Amino acid sequence: DLIEKELRAAITENDTSKLYLEYQPQVDLKTNKIIGFEALARMRTESLGFISPMEFIDVAERTQLIVPLGNFILKQASEFIRDLIDKGHKDIKVAVNISGIQLLRYDFTDTVMEIVKDTGIEPSNLELEITESVLLDNYNIINEKLKDLRSHKIEIALDDFGTGYSSFARLLELNIDTLKIDRYFINKISVKDSSEIITGDIISMAHKLGLKVVAEGVEVPEQKNYLLGHQCDTMQGYLFSKPISKESALQMLTCNG
Ligand code: G
Ligand code: G
Ligand code: MN
Ligand code: NA
């Protein structure tokens with residue numbers, strides 16, 4: 001497999017020209033200020049060009065390369081946070097997507113905490129995103145892992161919420177800080193069908209459970225206005241910005257300050 005070969009080489013060589021992160025701003029709906037970024041992995045090689053993360057993350061998960069790749073990604077995100085802190089943005093959070101295979105590793109928390117320590121950032125600068133599908137198998141083990149990470153002040157966001165199988169009962173006992181509403185629901189806001197009503201209910205339910213709420217895939221002002229009206233905390237999407245380079249992210253933060 002060509003992707004596997006290129007992935008392995010880029011990881012071994014710590015090649016950030018082939019494997020790097022883009023950052024998509026997360027914005028406080030009320031103030032329009034950037035409060036964080038989601039880190040999104042990118043791969044580009046001479047022979048293959050751009051490869052979508054769906055594709056290379058899938059290859060990495062099938063070949064166990066996801067563990068060293070995940071660590072490489074966590075290191076790059078933490079170094080970006082270090083840059084942010086050095087430039088005076090010490091309260092910005094950076095969210096990193098974590099695969100279930102990474103989380104299930106016995107030494108995952110230790111690895112994360114080591115990277116935090118080595119880069120000299122605060123654990124509270126880092127947020128880990130897990131998808132609902134990760135909870136399907138090994139629910140109890142995963143929930144204990146999340147509890148452990150949170151005891152170290154690392155925040156946890158549940159990604160793509162609403163598309164998986166989390167029951168309300170499960171949300172009650174799940175060790176998370178933030179709910180990210182899947183863009184499927186945000187898309188429906190402009191369509192004005194029953195999903196629009198549900199989105200408001202998801203927000204108020206999440207707040208009753210003490211969770212922060214991020215809306216994903218916000219593309220048009222109509223969606224933003226709906227979310228503001230329903231007390232959603234944070235938005236992420238093309239309306240504000242697509243994922244951008246770390247240099248552009250720093251610059252955007254300076255202008256947004
Ligand atoms: O950036 P884009 O929308 O194309 O990302 C596509 C998918 O790849 C998303 O579901 C996203 O969560 C996933 N993804 C992006 N970066 C990472 C990463 O660093 N780790 C993992 N596990 N998934 C990622
Ligand atoms: O699954 P996850 O939420 O991690 O994936 C995030 C993906 O969503 C990224 O690939 C990112 O490029 C994409 N994305 C971010 N904002 C928007 C948006 O406003 N509209 C659409 N269609 N995709 C978006
Ligand atoms: Mn995500
Ligand atoms: Na998502």
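Conventions adopted
- Residues numbered from 1 in each chain as written.
- Chains lettered and ligands numbered in written order.
- Predicted model: local features only at pLDDT ≥ 70, side-chain atom pairs only at ≥ 80, totals over all residues.
- Core = buried A, V, L, I, M, F, W, Y, C linked by C-beta atoms within 7 Å.
- Buried ≥ 20, exposed ≤ 12 C-beta atoms within 10 Å, placed from the backbone.
- Helix = DSSP H or I, 4+ residues; strand = E, 2+ residues; numbered from the N terminus.
- Contact = placed C-beta atoms within 7 Å.
- Axes fitted to C-alpha atoms, helices over the stretch in contact; angles between N-to-C directions.
- Parallel < 35°, antiparallel > 145°, perpendicular 65-115°, else oblique.
- Nonpolar A, V, L, I, M, F, W, Y, C, P; charged D, E, K, R; others polar.
- Near = placed C-beta within 6 Å.
- Arc of directions from axis to C-beta.

Per an unreviewed UniProt entry, the protein chain carries the name Bifunctional diguanylate cyclase/phosphodiesterase and comes from Defluviitalea saccharophila.

Q: Requested: an account of the nonpolar core, with residues and values cited.
A: The nonpolar side chains of a soluble globular protein tend to be buried with one another. Ranked by internal contacts, the top residues of the largest apolar core, which has 67 residues, are Ala39, Ile73, Ala77, Val94, Val96, Val213 and Ala215. Sorting elements by how many residues they give to this core places helix α3 (residues 66–86) first, with 9 residues. Those residues within four positions of alanine 39 in sequence are excluded, and the remaining contacts are Leu21, Tyr23, Ile73, Ala77, Val94, Ala95 and Val96.

Q: Talk me through the packing of helix α1 (residues 2–12) against helix α2 (residues 53–63); I want residue IDs and the actual numbers.
A: It is the contact of α1 with α2, at a shortest axis distance of 10 Å, that shows an interaxial angle of 80°. When the axis of α1 is compared with that of α2, the two are roughly perpendicular. The segment α1 lies against α2, with Ile3, Glu4 and Leu7 engaging Glu55, Phe56, Val59, Ala60 and Thr63. Classifying every residue of the contact of α1 with α2 by side-chain character gives 5 nonpolar, 1 polar and 2 charged.

Q: Tell me about unusual backbone geometry, and please be specific about residues and values.
A: Although it is not a glycine, asparagine 14 adopts a positive phi angle of roughly 50°. One can find asparagine 14 in the loop between α1 and β1 (19–28). For lysine 153, which is not glycine, the phi torsion reads 70° and is therefore positive. Structurally, lysine 153 can be placed in the loop between α6 (139–151) and β6 (155–161). For lysine 153, a count of 13 C-beta atoms within 10 Å corresponds to the partly exposed category.

Q: Give a detailed account of the environment of proline 25, specifying residues and quantitative values.
A: Looking at the element boundaries, proline 25 is found in strand β1. What makes proline 25 buried here is the crowd of 25 C-beta atoms within 10 Å. As for proline 25 and glutamine 236, which are separated by 211 residues in sequence, their C-alpha atoms are 6.4 Å apart. Excluding anything up to four places from it in sequence, proline 25 contacts Ile34, Phe37, Phe240, Ser241 and Met252.

Q: Give me the lowdown on the site of ligand 2, citing residues and values where you can.
A: In the vicinity of ligand 2 there are 13 residues, among which Asn97, Gly217, Glu219, Gly237 and Tyr238 approach most closely. Its residues assigned to classes, the shell around ligand 2 comprises 4 nonpolar, 4 polar and 5 charged.

Q: Pulling in residues and values, what's your account of helix α10 (residues 221–229)?
A: Burial in α10 covers these residues: Gln223, Lys224, Tyr226 and Leu227. Buried positions in α10, seen along its axis, are confined to an arc of 160° and lie on one side of it. Exposed side chains of α10 directed beyond 90 degrees from the buried face belong to Pro221, Asn225, Leu228 and Gly229. The elements touched by buried residues of α10 are α8 (183–188), β8 (212–215) and β9 (234–235).

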